[in-house]
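# Structure assessment
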Amino acid sequence: MAATVFYLDDIPETGAVAVLDGQEGRHAATVRRIRVGEPITLSDGRGLLAESEVVATQRDRLDLRILNRTVAQRVTPTVTVIQAVPKSDRSELAVELMTEAGVDTVVPWQAARCIANWEGKAAKAVEKWRAAARSAARQSRRPYIPEVADLHRTREIVDLVRTAVSGGAIVAALHESGAGKFTELPFAEASEVILVVGPEGGLDDSEIAALTEAGAAPVLLGPTVLRTSTAAAVALGALGALTTRW
């Protein structure tokens, strides 16, 4: 069975003792009740992995001897999800699911038809998404914690898409009336993929027009209509099979 993964910003060299405290230490020592002698994989969330063994425990802290260190390679193509802000009861679920499915970067978007409105509380909402991404990355034992950007408005999203397309990225705007199919896009040839996921009410006509003009391809993901909170995870699963990500 693979060792549990916990995150530590500064991982010492092989043979040294690392201290896991704070929120991560509390979860390991108090919630998971990890004991002396158990193996733990540490990650800095930026690709560095260290196999370790617990040598001492306290209430909210573990001392771990570093056994070896490696660097995990990033999978390609990299995937950014531009996620229209879901309503509050499903907001963090969207981030958790796409993190478990392998997203690299998440960009929250205040789209025209979003039920939720982050204006005036964006900083707090983004921090919740970052915490959700970190927790889901730990659960799925990922060496890289997805980056969660600050809240973007439509103009900023269009600029982001235009810049990415000019650099060779494939941008798929998931839309139930898309003329093309998701599986028809040449993902295997791309080094970067961007998925645009609209809100519960869907992308409005002006957004589709602006995204298409910027180089995005409006496409149908599959035969059923998905919730905004699950669409990205399903698309990431499809990308895993259509590319070398898996």
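All values derive from a computational prediction rather than experimental measurement. (Residues numbered from 1 in each chain as written. Predicted model: local features only at pLDDT ≥ 70, side-chain atom pairs only at ≥ 80, totals over all residues. Heavy atoms only, no water.)

Once that is clear, we can look at the nonpolar core. Among the nonpolar cores identified, the biggest contains 55 residues, and V81, W109, F182 and L195 are the most heavily contacted of them. Core analysis: the next-biggest nonpolar cluster, separate from the first, contains 16 residues, L8, A18, A29 and L48 among them. (Core = buried A, V, L, I, M, F, W, Y, C linked by side-chain atoms within 4.5 Å. Buried < 20%, exposed > 50% of the residue type's maximum accessible area, 1.4 Å probe, protein only.)

We now examine the sheet that holds strand β5 (residues 61–71). Across the sheet, 5 strands lie side by side as β1-β3-β4-β5-β2; this open sheet has mixed pairing. Edge strands, defined here as strands with exactly one partner in the open sheet, are β1 (4–7) and β2 (17–20). Neighbouring strand axes in the sheet, compared pairwise and without regard to direction, differ in orientation by 40° on average. Note that β1 and strand β3 (residues 39–43) share 4 bridges and pair parallel. Bridging across to β3, T4 finds its partner in I40. (Pairing = 2+ DSSP bridges. Helix = DSSP H or I, 4+ residues; strand = E, 2+ residues; numbered from the N terminus. Axes fitted to C-alpha atoms, helices over the stretch in contact; angles between N-to-C directions.)

The UniProt record marks residues 20–67 with the feature "domain: Ribosomal RNA small subunit methyltransferase E PUA-like" (unreviewed entry), using the residue numbering of this structure. The distance from the first to the last C-alpha atom of residues 20–67 is 15 Å, and the span holds 21% helix and 50% strand. (UniProt positions renumbered as here; feature names shortened; annotations may be inferred.)

Our focus in this paragraph is the packing of aromatic side chains. The tally for this structure, following the rule as stated, stands at 2 aromatic pairs. Measuring from ring centre to ring centre gives 5.0 Å for W118 and W129, while their planes differ by 75°; the resulting arrangement is edge-to-face. Of the two residues, W118 is situated in the loop between β7 (105–109) and α3 (122–139) and W129 in helix α3; the sequence distance between them amounts to 11 residues. Residue W118 is classed as buried on the basis of its relative accessible area, which comes to 6%. Between F182 and F187, the aromatic rings sit 4.7 Å apart at their centres with planes inclined by 40°, giving tilted as the arrangement. We note that F182, like F187, is buried. (Phe/Tyr/Trp six-rings, centres within 6.5 Å; stacked < 30°, edge-to-face > 60°.)

Right, let's talk about unusual backbone geometry for a bit. Omega for the bond connecting T76 with P77 falls within 30 degrees of zero, at -5°, which places this linkage in the cis form. The residue P77 is located in the loop between β5 and β6 (78–84) in this model. The backbone of R33 shows a phi angle near 55°, a positive value even though the residue is not glycine. Here R33 shows up in the loop between α1 (22–31) and β3. For R33, a relative accessible area of 58% corresponds to the exposed category.

With that settled, consider the pairing of β7. Remark: a regular strand shows side chains that alternate across the two faces of the sheet. For β7, a buried count of 5 out of 5 residues is recorded, marking the element as mostly surrounded by other parts of the structure. The alternating pattern of β7 places T105, V107 and W109 and V106 and P108 on opposite faces, both of which are buried. Here β6 runs beside β7; their pairing, made up of 5 bridges, is parallel. For A84, the partnering residue across the bridge sits in β7 and is W109. With helix α2 (residues 91–100) bridging β6 and the parallel β7, this β-α-β connection has right-handed handedness. Crossover β7 to strand β8 (residues 147–148) through α3 is right-handed. (Right-handed = clockwise from strand over helix to strand, strands pointing away.)

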